[in-house]
Amino acid sequence: MSSLDATIALFETLKKDFNTANPDLKKCGQHLATLKLNLTQLSFLQETTPKELLLTREILEIGAQWSIKAKDFPSFERYIAQLKTYYNDYSSALPASQRQYSLLGLNLLCLLSQNRIAEFHTELELIDPEHLDNIYIKHPLTVEQSLMEGSYNKVWNSKSNVPAEEYAFFMEILMGTIRNEIGSCSEKAYDRLPIADAATLLYFKTPQEVTTFALARGWTVQGNQIVFTQQQNLDVVIPAPKMIRNALGYARELERIV
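(A) Region of the structure containing the packing of helix 5 (residues 100-113) against helix 9 (residues 165-189). Two elements in contact, helix 5 and helix 9, have axes separated by 8 Å at closest approach and are oriented at 15°. Put simply, helix 5 runs roughly parallel to helix 9. Crossing of helix 5 over helix 9 shows left-handed handedness. Packed against helix 5, whose contacting residues are Tyr-101, Ser-102, Gly-105, Leu-106, Leu-109, Cys-110, Leu-112 and Ser-113, the element helix 9 presents Glu-166, Tyr-167, Phe-170, Met-171, Ile-173, Leu-174 and Thr-177 at the interface. Within the contact of helix 5 with helix 9, the residues separate by chemical class into 10 nonpolar, four polar and one charged.

In structure tokens:
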């Protein structure tokens, strides 16, 4: 069996294992590691053919999906970075991928979930404007617009309206980012807050979730109240005499130059 045939056979095994109801992520990860090594060897042995390009693209797409299930952010970003070559540079040599916009949309949502807004817009510029209405792209666009408006209720509601199961993972991470933002504002705006009100404010369903979040941020829980730890206001001493002396010195130097 040739190296290419062995790679194709292992890829078929990976697809079968990964597409089960409860895939063995460790086993799939091992398959992916072996496949990437095989592909690297093939690229050195011979000129890459369209068949090999298509095989590589499909392996990378499953790798990106595997990364989400394995909750491996860096791995997901590496797979997406590699896939861009196949989606852009080889688009004319390969048939369109059914997974392309699903994965690109997931990448956009991944960036939003980490509050990487500038990178979000950079990636958005790389997508053909004709496909911005694609359901997978439109979802992160709508979420980003809601974030810019400060409409966190809309973001919360969009959790139940995701275009694919994988999107729910990043939506939950995004809600964690939003809760931290709300928490930072709350501890500056309030001295204390009832747990029931904090649950509503932070989009938690139970008091236990609020308590866990509060303790993680260093807040104090007293009965049914959250007491925010106030930072002490430090008096800022401005060295006025020194600043005046420096300003006069600069003025004298300018007079000499003129």
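Let's pick the thread back up.
(B) Layout of the nonpolar core. Phe-76, Val-155 and Ile-226 are the most contacted members of the largest nonpolar core, which has 62 residues in total. For this core, the element with the most residues is helix 5, which contributes nine residues.

(C) The arrangement of the confidence of the model for the protein in detail. On average, residues of the protein carry a pLDDT of 89, and 93% of them reach 70 or more. Considering each helix and strand of the protein separately, the mean pLDDT is smallest for helix 12 (residues 240-257), with a value of 76, and largest for helix 5, with 96.

(D) Here's a closer look at the pattern of salt bridges. Tallied over the entire structure, the rule returns 10 salt bridges. With a shortest N-O distance of 3.8 Å, Asp-17 and Lys-27 are connected by a salt bridge. Taken together, the residues span a long stretch of sequence, with Asp-17 in helix 1 (residues 3-18) and Lys-27 in helix 2 (residues 25-45) at a distance of 10 residues. With a relative accessible area of 17%, Asp-17 lands in the buried category. The residue Arg-179 makes a salt bridge to Glu-172 at a minimum N-O spacing of 3.6 Å.

(E) The packing of aromatic side chains, seen in detail. One pass over the structure, following the stated rule, counts 10 aromatic pairs. Ring geometry for Phe-73 versus Phe-170: centroids 5.6 Å apart, planes at 45°, classification tilted. Taken as a pair, Phe-73 in helix 4 (residues 73-89) and Phe-170 in helix 9 lie far apart in primary sequence, 97 residues in all. Measuring from centroid to centroid gives 5.6 Å for Phe-204 and Phe-213, while their planes differ by 55°, and the two rings are tilted. With respect to class, Phe-204 is no different from Phe-213; both count as buried.

Scoring rules and cut-offs
- Residues numbered from 1 in each chain as written.
- Predicted model: local features only at pLDDT ≥ 70, side-chain atom pairs only at ≥ 80, totals over all residues.
- Heavy atoms only, no water.
- Axes fitted to C-alpha atoms, helices over the stretch in contact; angles between N-to-C directions.
- Helix = DSSP H or I, 4+ residues; strand = E, 2+ residues; numbered from the N terminus.
- Parallel < 35°, antiparallel > 145°, perpendicular 65-115°, else oblique.
- Left-handed = near helix turned anticlockwise from the far one by under 90°.
- Contact = heavy atoms within 4.5 Å.
- Nonpolar A, V, L, I, M, F, W, Y, C, P; charged D, E, K, R; others polar.
- Core = buried A, V, L, I, M, F, W, Y, C linked by side-chain atoms within 4.5 Å.
- Buried < 20%, exposed > 50% of the residue type's maximum accessible area, 1.4 Å probe, protein only.
- pLDDT = per-residue confidence, 0-100.
- Salt bridge = Lys/Arg side-chain N within 4 Å of Asp/Glu carboxyl O.
- Phe/Tyr/Trp six-rings, centres within 6.5 Å; stacked < 30°, edge-to-face > 60°.

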